[in-house]
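Chains, contacts and geometry: an overview
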Amino acid sequence: QPIRLADYAPPAFLIDEVRLDFDLAPNTTRVKAKLTVRRNGEHAQPLVLNGERLKPVSVAIDGRVLAEAERTIDAEFLTIPNAPDAFVLETEVEIDPENNKALEGLYMSGGRFCTQCEAEGFRKITWYPDRPDVLSRFTVRIEADRKFRHLLSNGNLIDAGELPGGRHFAVWNDPFPKPCYLFALVGGELDVLEDKLVTMTGRTVDLRIYVDPGMAPRAAYAMDALKRSMKWDEETFGREYDLDLFMIVAVRDFNFGAMENKGLNIFNSSLLLADPATATDMDYERIESVVAHEYFHNWTGDRITCRDWFQLCLKEGLTVFRDQSFSADMRGHAVQRIKDVKALRARQFAEDQGPLAHPVRPSSYLKIDNFYTATIYEKGSEVIRMLKTLIGPEAFRKGMDLYFERWDGHATTVEEFIRCFADVTGRDFEGFFAWYEQAGTPRVSLKQSYDAAARTLELELAQETPPTPGQPTKKPLPIPVTLGLLDGDGRTLAFERDGQAADETLIVLDQASAKVTLTGVDAAPVVSALRGFSSPVELTTDARASDRYVQLAGDADLFNRWEAGQELARALILARAKGAADEVSEERYAEALGRALNDQASDPAFKALLLALPSESDLALAMAPADPAAIHAARDALRLRLSLHLTEDLQRLHIGLQELGEFSPDAASAGRRALRNAALDLLAANPRAETGELADGHYRAAANMTDAMGGLSALMQIGGDLYENALTDFFQRWKAEPLVIDKWFALQARDPDESALGRVMGLTAHPAFDEKNPNRLRALVSTFANFNPARFHDPSGAGYRFLADQILAVDGFNPMTAARLVEPLGGWRRYKPELGALMRKELERIAGTEGLSKNVYELATKALAD
Ligand code: ARG
Ligand code: ZN
């Protein structure tokens, strides 16, 4: 019984005002709701409110308690058949936050109350029309024992005080109408880091970050990131913060990354807390981007929200685009773009190639929680990026301004968003809309022919999108291809298009195929196409390896420079995996990489990216059927060759980049650490005694977590006593720090050694393992399944069995998090038949289990469907 976009109907009743009264107690929280209700549709419709796992206490209309015959309550709804046209509904329920291990609705984490309502968690708190198009003004009173010292909700604090019997209360009012998924409540003992920001119109906003007692210093970086985000949104989009107070709370038990509740964001502590001793540069980077993401939702999500959950990309794709743009401004455009594209390919391209492929705007679902996917977020962001590329930055900004003006305070749709851009440009976006409705990664091919006498370059482009579940045939999409030319030495080669001189041009391929002729081309060119990854497609060209070397050495577009290196490496590894190693080319690649490493002009962060070979999962997407063992062996062999060839360069980098001063998390310092650790990592591919000592020394001398993890993971490659001792040392040292112990679990989960599966299974019995904590569970189980292909795809099927066992165990109490673990099995068709069959068998075992949640059921059965 899937829910369909085509069945959307406006709400039968609207709620103008909500008054909530919480009497907090771990096992018996009382929730009173007073709703001012008004009929929106026809007379005949009953009032139907969502409500799950609620213990009913009473239901009254306009002060009169309803008799049992006047209402029905089942596992999902409260139904009142003969509701008046306008009335006040008062209900009271009891809930049990302590035993809520699904972490959805009101639950407890570390002895504190907190909430997660998106997408459909509010119905586990009280009866309500739990849908994003019902916007109302919330006033919330919270009462609790004084030991729950901070009582927080959305908006402004309007009253607070002490009560007899060691109790106290607080009353919050949020002046902005909002859907219930943006409601939040927190109650407990917390420390707070405070700051202030003066907005563009001169208003002072109080900023508060609440964390576990003793952790306030670790919120300093998040605070800094928050202030930079607020300023950036003013400068870049003209968006000012709207309340006098902005709060963030960090909790340890959280199903996802973070949540944009109005004025009260709630974060997974792993995406908020950082100091040099316990957080890596990657943690800092993610904190900066997630703090920005959730803050940016204030306008793209909260002030303007989604009409229904099919429109999820309206807020998520757009907000990811905004946070990626912010990170690019903070940390450098090329490096940021490379990282974003790596993540897109690893997660979204894989999704598009499997049975769970879906459009950026899906048209049906069983559980919306399953659609918080790379496609909706990351591809959703790519679609916005293409829109901006197609119409240019000024028109893009105008369209955004119109969107904010036209839709502020409303719940809307992707169509209405796009209409804003049509209105400001006068252009037609009908063709563009297919990017929202069509799943699959388009394949674009490019052929070139140069005519020296005529000085012309003819480009032949074609596109094709492979079928995906439910979408056998596809139409052509408008694909922006940014393109430039290089001469044989890698210098930019000027040309003309339609008589206009240019260094770079934008070709929009909106038909199945097209020809473009560039003129005034003085020399046989190397074509640099899809610069900056101008659209989320798979590009194949007739370029020769020698063209790639020219690009790697000198492409003015740094993204394509990196991409050329990746293409070369991919070809070499896949050749080896198929038993056709090309040693001459491998040497040539090693030499080119050596030159790139010694290029004084380029940035260390960029060089660190150049040095990293395509991941095993990236390679698996390019091999049909995929053979993870062969890929792993081939990739390792190339790493060893590079390591041998580049030993001196790598050693020089490792020594030269040693850090002497104080730690700073800024992008330039992080880039130097990244390059130094990447050099060590490649040196460790050559497991001789000397590298063991080098890695051990690196680990022991580490003055920050980035270097400690760099040392530990180099030791992991080398193995033996040095590694085992370092692991023990690390655990002893950090056992009181959950976020660091997560890293300890994750590191062992991605160990490619033969022994790893046994070790991972053993770790599930470790006293520090806790499947109820999503961070810990993901550190071990999800890292193993997603980042250790060599061991996950063990020919015995034991890796798959392990994952299936975990999914079934976790589904018993936390379906949302269990469902997230299904994906690695979903790609079974792409693997060698003997592996695919074993993967399939585990999916069948999952799907055949009784009492499965809707979440896991939907993904397991979709993964099996043909
Ligand atoms: N809106 C949150 C964010 O992206 C994520 C909420 C995740 N919730 C869920 N049920 N998947 O910022
Ligand atoms: Zn978001």
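Residues numbered from 1 in each chain as written. Chains lettered and ligands numbered in written order. Predicted model: local features only at pLDDT ≥ 70, side-chain atom pairs only at ≥ 80, totals over all residues. Heavy atoms only, no water.

Overall, mixed pairing links the four strands, which are arranged β32-β26-β25-β34 in an open sheet. Pairing within the sheet leaves two strands with one partner each, and these edge strands are β32 (513-518) and β34 (538-541). Strand-to-strand, the axes of this sheet are offset by a mean angle of 20°, without reference to chain direction. Of the strand pairs in this sheet, strand β25 (residues 443-451) and β34 are connected by four bridges, and their pairing is parallel. Among the inter-strand pairings, Leu-446 is bridged to a residue of β34, identified as Thr-541. (Pairing = 2+ DSSP bridges. Helix = DSSP H or I, 4+ residues; strand = E, 2+ residues; numbered from the N terminus. Axes fitted to C-alpha atoms, helices over the stretch in contact; angles between N-to-C directions.)

With 279 residues, the main nonpolar core has Phe-22, Phe-417 and Tyr-436 as its most contacted residues. No other element matches the nine residues that helix α10 (residues 558-577) contributes to this core. The contacts of Tyr-436, once residues within four sequence positions are left out, are Cys-313, Pro-359, Val-360, Arg-361, Val-383, Ile-384, Val-414, Phe-417 and Ile-418. (Core = buried A, V, L, I, M, F, W, Y, C linked by side-chain atoms within 4.5 Å. Buried < 20%, exposed > 50% of the residue type's maximum accessible area, 1.4 Å probe, protein only. Contact = heavy atoms within 4.5 Å.)

Taking 1.5 Å per residue, 16 residues should reach 22 Å; helix α2 (residues 281-296) reaches 22 Å between its end C-alpha atoms and fits that length. Of all 16 residues in α2, 14 are buried, a share of seventy percent or more. (Expected span 1.5 Å × (residues − 1).)

Right, let's get into the sheet that holds strand β17 (residues 191-198). Pairing in this open sheet of five strands is mixed, and the strands run β17-β18-β19-β21-β20 from one edge to the other. Looking at which strands have only one partner, the edges of the open sheet turn out to be β17 and β20 (258-259). Taken together, the two bridges between β20 and strand β21 (residues 264-268) define a ladder with antiparallel strand orientation. By the bridge assignment, Ala-258 is partnered in β21 with Phe-267. Running at roughly 150° to β21, α2 makes contact with β19 (245-251), β20 and β21 of the sheet.

We now examine the packing of helix α15 (residues 667-683) against helix α16 (residues 689-701). Helix-helix packing: each pair is described by the crossing angle between the helix axes and the interaxial distance. Two numbers describe how α15 lies on α16: the axes approach to 10 Å, and their chain directions differ by 150°. As summarised for this structure, α15 and α16 are arranged roughly antiparallel, according to the angle between their axes. In the crossing of α15 with α16, the sense of the turn from one axis to the other is left-handed. For the pair α15 and α16, the contacting residues are Arg-676, Asn-677, Leu-680 and Leu-683 in the first and Thr-691, Leu-694, Ala-695 and His-698 in the second. (Parallel < 35°, antiparallel > 145°, perpendicular 65-115°, else oblique. Left-handed = near helix turned anticlockwise from the far one by under 90°.)

What follows is about the state of the cysteines. Counted by the stated rule, this structure contains zero disulfides. Summary of cysteine pairing: Cys-117 is not part of a disulfide, and the nearest cysteine sulfur, belonging to Cys-180, is at 6.9 Å. Among the cysteines around Cys-313, which has no disulfide bond, Cys-306 carries the closest sulfur, lying 7.8 Å off. (Disulfide = S-S within 2.5 Å.)

Surrounding the zinc ion (ligand 2) are the protein donor atoms His-293 (NE2), His-297 (NE2), Glu-316 (OE) and Glu-316 (OE), which sit 1.9 to 2.8 Å from the metal. Here the donor residues for the zinc ion (ligand 2) map to a single chain with the spacing H-x3-H-x18-E. Placement of the pair is His-297 in the loop between α2 and β22 (305-306) and Glu-316 in helix α3 (residues 312-331), with a sequence separation of 19 residues. Like His-297, the residue Glu-316 is buried in the burial classification. (Donors = N, O, S within 2.8 Å, 3.2 Å for Na, K, Ca; no water.)

The full count for this structure, using the stated rule, is 39 aromatic pairs. For the ring pair Phe-792 and Tyr-800, a centre distance of 5.0 Å and an interplane angle of 80° mean the geometry is edge-to-face. As far as the burial class goes, Phe-792 and Tyr-800 line up, both buried. Within the aromatic cluster, the residues linked to one another by ring pairs are Trp-232, Phe-237, Tyr-241, Phe-246, Tyr-295, Phe-296 and Phe-326. The ring centre of Tyr-8 lies 3.7 Å from the NZ or CZ of Arg-307, which sits over that ring. The ring of Phe-237 carries the charged tip of Arg-322 above its face, separated from the ring centre by 4.9 Å. (Phe/Tyr/Trp six-rings, centres within 6.5 Å; stacked < 30°, edge-to-face > 60°. Lys NZ or Arg CZ within 6 Å of the ring centre and 35° of its normal.)

Let's shift gears to the site of ligand 1. In the vicinity of ligand 1 lie 16 residues, with Glu-118, Glu-260, Glu-294, Asp-369 and Tyr-377 positioned nearest. One nitrogen or oxygen atom from the side chain of Glu-118 is found 2.5 Å from a nitrogen atom belonging to ligand 1. In this structure, Lys-315 approaches ligand 1 through a side-chain N or O atom, which is 3.4 Å from a nitrogen atom. When the free accessible area of ligand 1 is taken as 350 Å², the share hidden by the protein chains comes to 96%. (Near = heavy atom within 4 Å. Polar contact = N/O pair within 3.5 Å; in protein donor to acceptor, adjacent residues only side chain to side chain. Areas by Shrake-Rupley, 256 points an atom, 1.4 Å probe, with all protein chains shown as cover.)

This part is about the confidence of the model for the protein chain. Summing up the model confidence of the protein chain, the mean pLDDT is 98 and the portion of residues at 70 or higher is 100%. ipTM for the predicted complex: 0.98, alongside a pTM of 0.99. (pLDDT = per-residue confidence, 0-100.)

Along the chain, Arg-548 turns up in helix α9 (residues 545-554). Look at Arg-548: it is buried, it has no salt bridge, and the nearest opposite charge is Glu-567 at 4.3 Å. (Lys, Arg positive; Asp, Glu negative; His and termini not counted. Salt bridge = Lys/Arg side-chain N within 4 Å of Asp/Glu carboxyl O.)

Glancing now at unusual backbone geometry. The amide bond that connects Glu-118 to the next residue, Ala-119, takes the cis arrangement and shows omega of -5°. With omega at -10°, the peptide bond leading from Ala-624 into Pro-625 counts as cis. Positionally, Pro-625 belongs in the loop between α13 (616-621) and α14 (628-656). Of note, Arg-53 is a non-glycine position whose phi angle comes to about 55°, a positive value. Summarising the element assignment, Arg-53 is placed in the loop between β4 (47-50) and β5 (55-61). Arg-53 gets classed as exposed once you look at its relative accessible area, which sits at 72%.

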